[in-house]
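# Descriptive analysis of the structure
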Amino acid sequence: MTAALRLVHPSQQSGEDEDSGATAAQNHQSPRPVSNVATRAPGPSGEGWLPVVGFEKTHEVSSYGRVRSISRVAERRYASGAISRPVIPGKLLKPTPDHRNYGGGRLCVNLKVGGSGQNFRVHRIVAAAFIGPCPDGMEVAHNNGIASDNRLENLRYATPAENTADKWQHGTMMCGEAVPSSKLAACQAQEIRRLRAQ
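Okay, so let's go over this structure.

Calculation criteria
- Residues numbered from 1 in each chain as written.
- Predicted model: local features only at pLDDT ≥ 70, side-chain atom pairs only at ≥ 80, totals over all residues.
- Heavy atoms only, no water.
- Helix = DSSP H or I, 4+ residues; strand = E, 2+ residues; numbered from the N terminus.
- Buried < 20%, exposed > 50% of the residue type's maximum accessible area, 1.4 Å probe, protein only.
- Contact = heavy atoms within 4.5 Å.
- Areas by Shrake-Rupley, 256 points an atom, 1.4 Å probe, with all protein chains shown as cover.
- Pairing = 2+ DSSP bridges.
- Axes fitted to C-alpha atoms, helices over the stretch in contact; angles between N-to-C directions.
- Salt bridge = Lys/Arg side-chain N within 4 Å of Asp/Glu carboxyl O.
- Core = buried A, V, L, I, M, F, W, Y, C linked by side-chain atoms within 4.5 Å.

### Looking at the overall build of the protein chain
- Helices and strands together make up the secondary structure of the protein chain, namely 4 helices and 12 strands.
- Across the 198 residues that make up the protein chain, the buried fraction comes to 32%.
- Of the contacts made within the protein chain by residues no fewer than 6 positions apart, 41% connect residues no fewer than 24 positions apart.
- Summed over its atoms, the accessible surface of the protein chain is roughly 12,400 Å², and 53% of this surface lies on carbon and sulfur atoms.

Following this line, the structure appears as structure tokens:
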């Protein structure tokens, strides 16, 4: 089951200084620069990394739409009283197709929430980290119509109407025969309408 992602940007959390809040107010208008210290120094490819909002201590997301876990030290206690602290190396997470509501090619990653895993859509994770919190009444849109392309440059916040218009323009609108649960082909529906009109 895919969790509804309502992420809170770090700048909206309590304890932030005034400068961070001022920057956050601008984030939904323009992408956060990927060349600052928080990106952990983009490599030669220009890929920058930021903490995943809500999972800042455990995961990072890149401007290329990749998600990785961060290396961490785990503490294990044994019945004998011994304690070990092995280092668990970080790794890139493998995204999986989102099948909820005919996901349309969107990708998800599984993140741990209180010990249990939940699926989160990658495009929302990227937008929340690099663009900022999603304004009320808006959603993440893919500029090129490819739902699996979660690069920062391909994402923007748009109204539902704008996003729907994009889908019609890109030919990715799920309707008619494109819906897996559809019962009739387009030609069958047209024939039924013709017969009813007689």
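From this point, the discussion proceeds with the structure in view.
### What to know about the sheet that holds strand E1 (residues 49-51)
- One open sheet accounts for 3 strands, arranged E1-E2-E3; its pairing is antiparallel. The strands lining the two open edges of the sheet, one partner per strand, are E1 and strand E3 (67-69). For this sheet, the mean angle separating the axes of adjacent strands, direction not counted, is 30°.
- Where strand E2 (residues 59-62) meets E3, 3 bridges bridge the pair, whose relative direction is antiparallel. Note on E3: the bridge partner recorded for Val61 is Val67.
- Relative to E2, helix H2 (residues 122-130) is tilted by about 90°, and along the sheet it contacts E1 and E2.

### Re the pairing of E2
- Here E2 shows a buried face lined by His59 and Val61 and a second buried face lined by Glu60 and Ser62.
- Alignment of E1 against E2, held across 3 bridges, turns out to be antiparallel. Across the sheet, residue Trp49 finds its bridge partner in E2, namely Ser62.
- Between E2 and E3, which pair antiparallel in sequence order, lie 4 residues; one of them, Gly65, sits at a positive phi of approximately 85°.

### Digging into the pattern of salt bridges
- A full pass over the atoms with the stated rule returns 9 salt bridges.
- Residue Arg66 pairs with Glu47 through a salt bridge whose shortest N-O separation is 2.9 Å. Within this pair, whereas Arg66 is found in the loop between E2 and E3, its partner Glu47 is found in the loop between helix H1 (18-27) and E1, the two being separated by 19 residues in sequence.
- When the shortest N-O distance is used, the salt bridge between Asp166 and Arg156 registers 2.7 Å. Highlighted residues: Asp166 in helix H3 (residues 160-170) and Arg156 in strand E12 (residues 155-158), separated in sequence by 10 residues.
- The network of salt bridges with common partners includes Glu75, Arg77 and Arg85.

### Considering the nonpolar core
- Ranked by internal contacts, the top residues of the largest apolar core, which has 20 residues, are Val52, Val61, Val109, Leu111, Ile125, Val126 and Phe130.
- Put simply, the parts of the chain that give this core at least two residues each are strand E9 (107-113), H2 and E12.
- No other element matches the 6 residues that H2 contributes to this core.
- Ignoring sequence-local partners within four residues, the contact set of Val109 consists of Val67, Leu93, Pro95, Gln118, Asn119, Phe120, Val122 and Ile125.

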